[in-house]
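# Descriptive analysis of the structure
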Amino acid sequence: MRNRDSLYFRYIFNDLIKNKGVNLSLMVILILSAFLMATGSMVMERLIGSVNQLFDEAEPPHYLQMHKGDYDPAALERFADEHPEIDSWLIEDMIGIDSAAIAWERPSTDESGDMSESLIDNLFVTQNWDFDFLLDESGDIPRPSEGEVYVPVTYQETFDLQTGDVLRIRTDSGIEELTVEGFVRDSQMASSLSAATRFVVSDDDFHTLSEAGGGTPEIIVEYRLDDVSQISEFQAAYEGDDSLPKNGQAVTYQMIRMINAFSDGLVAVALVFVSFLLIAIALLNSRFVIRGTMEDQVREIGAMKAIGLPDKSISGLYLSKYRAMTLLACVVGGLLAIVATDLLTQTIQVNYADAPVGWTTFVVPVVALALVYLFVVGICRRVFRKVRKIQVVNALVHGSTLDDRQTARRAKRQARRSRKSSLASYRGSNVNRRLTLLDLRAEAGQWLLVPTVFALAYVLMALPLNLLNTFESPKFVTYMGASESDLRADLQFSEDVDTVREDMYADMRSDDRLAEVRSFANVLYETEGEEGWETFRVEVGDYSSSGIEFVDGGLPEAGEIAVSVLNSEKYDLSPGDDLDIRHGEETETVAVSGVYQDVTSGGYTAKMQGEVTGDATGYVIYANLAGDTDAAAVADEYGTDYPTASVIPMREYVEQTLSYVTGAFRSAAVLSFAFGLGVAVLITCLFLKLRLTRDRTKMGMLSAIGFSTGEIIAQVRGKTLLTVAVGTVLGVAFTATVGESFVGSFIALAGLGIADLSFLPNPWLVYVAYPLILTAAGYLGAVFLTARLRGADKSSWLRG
């Protein structure tokens, strides 16, 4: 055993020293693969741990119902008494303050600013006593004194706020000043996918803001249950009770978890995806190197078989190097992953909580690295099984790894190729180019590594970019249940909401700067679910010219309704089905016209053709700009004229709503571009280095019969350029077809309400810039490797 270990060690050491360039290139790819797999798994584990820690400390509700307007507290008391599954419940009072009415000042430096850039709702609340706590940086439950405020951490990052800054809140009674005492993490509203965020103030300050006017009163009715599995039945019971407040979004515990984990989880998933692609490249590269090694050392293998060494021992000798390299790569990659994980999880720890260190902290990355090791070594082991098929005579006499039958088949193929590749019938002027193409065709199997790697590298670079471009595109509003427009005005529930809508709609219709002004009403209908009648949110308006994209079916006409993907799944609806809905005591049957995608309001929405001028919970008005009008200026003007309305440029609405998601995709796109390009160049250099070493005799013969060094170099560069270009084109085709379906399936599994994701790419980047950059990088690698041939000793080429 000791002698065998010593033999393995000497072989590994000698081979690593002899083939430093080849082994170093392979080692870099293996380290990157292990590093990304470990980092992705550790980020995922830290993210889940942070969210779980925040949930354990903050105790978010299992079910909540937001509401604007009057409500009956006695009805909520009665409902709670009738449902023993409720562990605890509360009503949280809130004051909604417009972002433009909140400014900040830093007394120590006289710096100042405002929060008008923020498009989400700002809700001022007092700290809860039973559950749903807002936590400070230490995980404690802050209870501010009079004159103090705790600001959400998302605003700390966005506006670079500090403890000691002063918030100035404009109300109808004047300016209210509050000193920033700290920052809070919100288990409910930590993600940008949430439409609101909460500030914590004292009871006295909350009363002052309520009495001062200028804010919008709201409530959240929150419940924690004895058994989380009862959430669906509980929601149906709540929504089936007509006396309970429902004028707002209903959110479940599962939705809170998914929204919190989705954006940062995308970074981890992207890292794991990149790792899988790099592992595939590493395995292709390992297979190529192993086959080259076996062909170069076939006589040594034949000698070992001749003296009686078992095939298993011979395979084990060669496999030992790849075991050692993969093990070392996993160790180095794992250590680098620890550093990278600390950097990547800083934002997670700020927004959520410091994840506790437990057994999963160590087991998860170890398992990930073990999978990389076993997968790589397993594939290498399969390639080395070819040692069993090597015949001693063919290995020692002919230097061939093939048996007699394989040798005969190869001879026939080479004869056919010789006839097809004959230059005797060639009448062209460029013999060198012709010889390059014929040589490439004859050795297509050996050059297959290059186009395969470049196809994978392009997929690695382009998929995250396509996702980023899709989520940043103005057309993404079609995935948010709306048609493309320049402005969006939201009028939420208030006593005079109908009058405000009528006046605002009339003003916008008569405004020469605006075109295609459309008004839609949000109406609370009911429909029959598994547990009886339940709330069914419908947007009613004129959809005759809407640009909403439909997964199935089309726009609703009179007597028809279109439903979102999640509602389609929940109620098992398809185009042509009938749906019973009721408003008050009036029930009607409408036909389902189509199914569309929507990520707003939890994804549970519907659209119906018609006109509503009253009894709506709120309105949405869309408008396009005429000419070169500034959308932000128009939005500010209408926001000033109608303070109860939220008027937003649609592009900013999409950007802020999806800021966490696009941030994750941007990080993944940059990372993937760097790794894809670097690995492609590395593989090109590695392949050509091995190729030039093995083709020394062939190059010597070409030189002897009159081909210049420049022509020989041109042949190598031409073959590289052609294979690189073919691989890149294949990667483009795969990304635009199968890649889109693959990513779309993943997004659909996330349960966000998107069932059919179509890329909205930047064509100049994806179809022009990226392919050219990747192809140029591969070609420059060939230029670098072949440049040294000009000073080489040609006579040494013939000696092999």
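How each quantity is defined
Once a new chain begins, its residue numbering starts again from 1 and follows that chain's sequence as written. For a predicted model such as this one, the threshold for reporting local features is a pLDDT of at least 70, and the threshold for listing and counting side-chain atom pairs is 80 or more; totals across whole chains, interfaces and linings nevertheless cover every residue. Processing note: side-chain calculations cover all non-hydrogen atoms of the structure and skip hydrogens and water entirely. Here a helix means four or more residues in a row that DSSP labels H or I, a strand means two or more in a row labelled E, and each is numbered from the N terminus. Think of it in three bands: residues with accessible area under 20% of the maximum for their type are buried, residues over 50% are exposed, and the middle band is partly exposed, with areas taken using a 1.4 Å probe on protein chains only. Throughout, a residue-residue contact means that at least one pair of heavy atoms, one from each residue, lies within 4.5 Å. Here the Shrake-Rupley method, with its probe set to 1.4 Å, supplies the accessible areas, and only the displayed protein chains count as covering residues. Pairing between strands is defined by DSSP: at least two bridges between the two strands are required. Axis lines are fitted through C-alpha atoms, for helices just across the contact stretch, and the angle between N-to-C directions can take any value from 0 to 180 degrees. When a carboxyl oxygen of Asp or Glu lies within 4 Å of a side-chain nitrogen of Lys or Arg, that pair is called a salt bridge. Nonpolar side chains (Val, Leu, Ile, Met, Phe, Trp, Tyr) within 5 Å and like charges within 9 Å form the patches, drawn only from residues with over 30% relative accessible area and no salt bridge. For the purposes of this section, nonpolar cores are sets of buried Ala, Val, Leu, Ile, Met, Phe, Trp, Tyr and Cys residues that join through side-chain atoms within 4.5 Å. Any angle that falls under 35 degrees is termed roughly parallel, while one over 145 is termed roughly antiparallel, one within 65 to 115 roughly perpendicular, and all others oblique. Crossing handedness: left-handed means the near helix sits turned counterclockwise from the far one by under a right angle, and right-handed means the same turn made clockwise. Three residue categories are used. Nonpolar comprises Ala, Val, Leu, Ile, Met, Phe, Trp, Tyr, Cys and Pro, charged comprises Asp, Glu, Lys and Arg, and polar comprises the others, including Gly. Stacked, edge-to-face and tilted are the three classes for Phe, Tyr and Trp ring pairs, Trp counted by its six-membered ring, which pair at centre distances within 6.5 Å; planes under 30 degrees apart are stacked, over 60 edge-to-face, the rest tilted. A ring is considered to have a charge above it if a Lys NZ or an Arg CZ atom is located within 6 Å of its centre and within 35 degrees of its normal. Counted as positive: Lys and Arg. Counted as negative: Asp and Glu, with His and the chain ends omitted from the count. For charged residues, the charge sits on one atom: NZ in Lys, CZ in Arg, CG in Asp, CD in Glu.

Across its full length, the chain carries 25 helices and 21 strands. Burial analysis of the chain (800 residues in total) assigns 52% to the buried set. Partitioning the contacts of the chain with sequence separation of at least 6, the portion at a separation of at least 24 is 82%. Working note: accessible area of the chain is about 36,000 Å², and carbon and sulfur atoms make up 54% of it.

Moving on to the sheet that holds strand β11 (residues 250–252). Pairing within the open sheet is mixed, and its eleven strands lie in the order β4-β3-β7-β8-β6-β9-β5-β2-β10-β1-β11. Of all the strands in the sheet, just β4 (111–114) and β11 have a single pairing partner and so form its edges. On average, each strand axis in the sheet is tilted by 30° relative to the strand beside it, whichever way the strands run. Pairing of strand β1 (residues 63–68) with strand β10 (residues 216–225), which is carried by six bridges, proceeds in the antiparallel orientation.

In this section: the pattern of salt bridges. By the definition in use, this model includes 16 salt bridges. One salt bridge connects D241 with R78, and the closest N-O pair in it is separated by 3.0 Å. Here R78 lies in helix α3 (residues 73–82) and D241 lies in the loop between α6 (231–239) and β11, a separation of 163 residues in the sequence. Relative accessible area serves as the criterion here: at 14%, D241 is assigned to the buried category. A single network of salt bridges, built from pairs that share partners, joins E92, D132, D186 and R198.

Right, let's get into the environment of Q162. Summarising the element assignment, Q162 is placed in the loop between α4 (153–159) and β7 (166–171). Distance from Q162 to R106, taken between C-alpha atoms, is 8.1 Å for residues 56 residues apart in sequence. Excluding anything up to four places from it in sequence, Q162 contacts R106, V180 and F183.

Our next topic: the environment of D628. Note that D628 resides in the loop between β20 (618–625) and α19 (631–641). Given a relative accessible area of 82%, D628 falls into the exposed group. Along the backbone, D628 and R513 are 115 residues apart, and their C-alpha atoms lie at a distance of 8.8 Å.

Quick look at a nonpolar patch on the surface now. A cluster of nonpolar side chains, contributed by L327, V331, L335 and I338, occupies part of the molecular surface with about 370 Å² of accessible area. With respect to the helices and strands, the residue L327 is situated in helix α9 (residues 311–344).

Moving on to unusual backbone geometry. Here D160, not a glycine, exhibits a phi torsion of approximately 55°, which is positive. If you trace the backbone, D160 turns up in the loop between α4 and β7.

Next up on the list: the nonpolar core. Judged by nonpolar contacts, the single largest core of 101 residues is most densely connected at L278 and L774. Among the elements that line this core, the one with the most residues is helix α16 (residues 449–472), at 15 residues. Excluding its chain neighbours within four sequence positions, the residues that come into contact with L774 are F454, A457, Y458, M461, L677, A680, V724 and T728. Judged by nonpolar contacts, the second largest core, of 40 residues, contains V500, V517, V523 and V612.

Following both chains from N to C, one finds α16 and helix α24 (residues 763–786) inclined at 150°, their axes separated by 11 Å at the closest point. By the angle between their directions, the pair α16 and α24 is classed as roughly antiparallel. Between α16 and α24 lies a crossing of right-handed hand. Contacts between α16 and α24 pair F454, A457, Y458, M461, A462, L465, N466 and N469 from the former with L765, V766, Y767, Y770, P771, L774 and G778 from the latter. Within the contact of α16 with α24, the residues separate by chemical class into twelve nonpolar, three polar and no charged.

What follows deals with the packing of aromatic side chains. In this structure the tally under the stated criterion is 16 aromatic pairs. Between Y155 and F159, the ring centres sit 5.3 Å apart and the planes meet at 80°, which makes this aromatic pair edge-to-face. Taken together, the residues Y155 and F159, both in helix α4 and four residues apart, mark about one turn of the helix. F159 shares its class with Y155; the two are buried. Each member of the aromatic cluster is reached from another via a ring pair, and the members are Y63, F79, W89, Y223, F234 and Y238. The ring of W129 carries the charged tip of R143 above its face, separated from the ring centre by 3.6 Å. If you follow R501 out to its NZ or CZ, it ends over the ring of Y619, 5.2 Å from the centre.

On the surface, D114, E117, D630, D636 and E652 cluster together into a negatively charged patch. Note on placement: E117 falls in the loop between β4 and β5 (121–125). Owing to a relative accessible area of 56%, E117 belongs among the exposed residues under this scheme.

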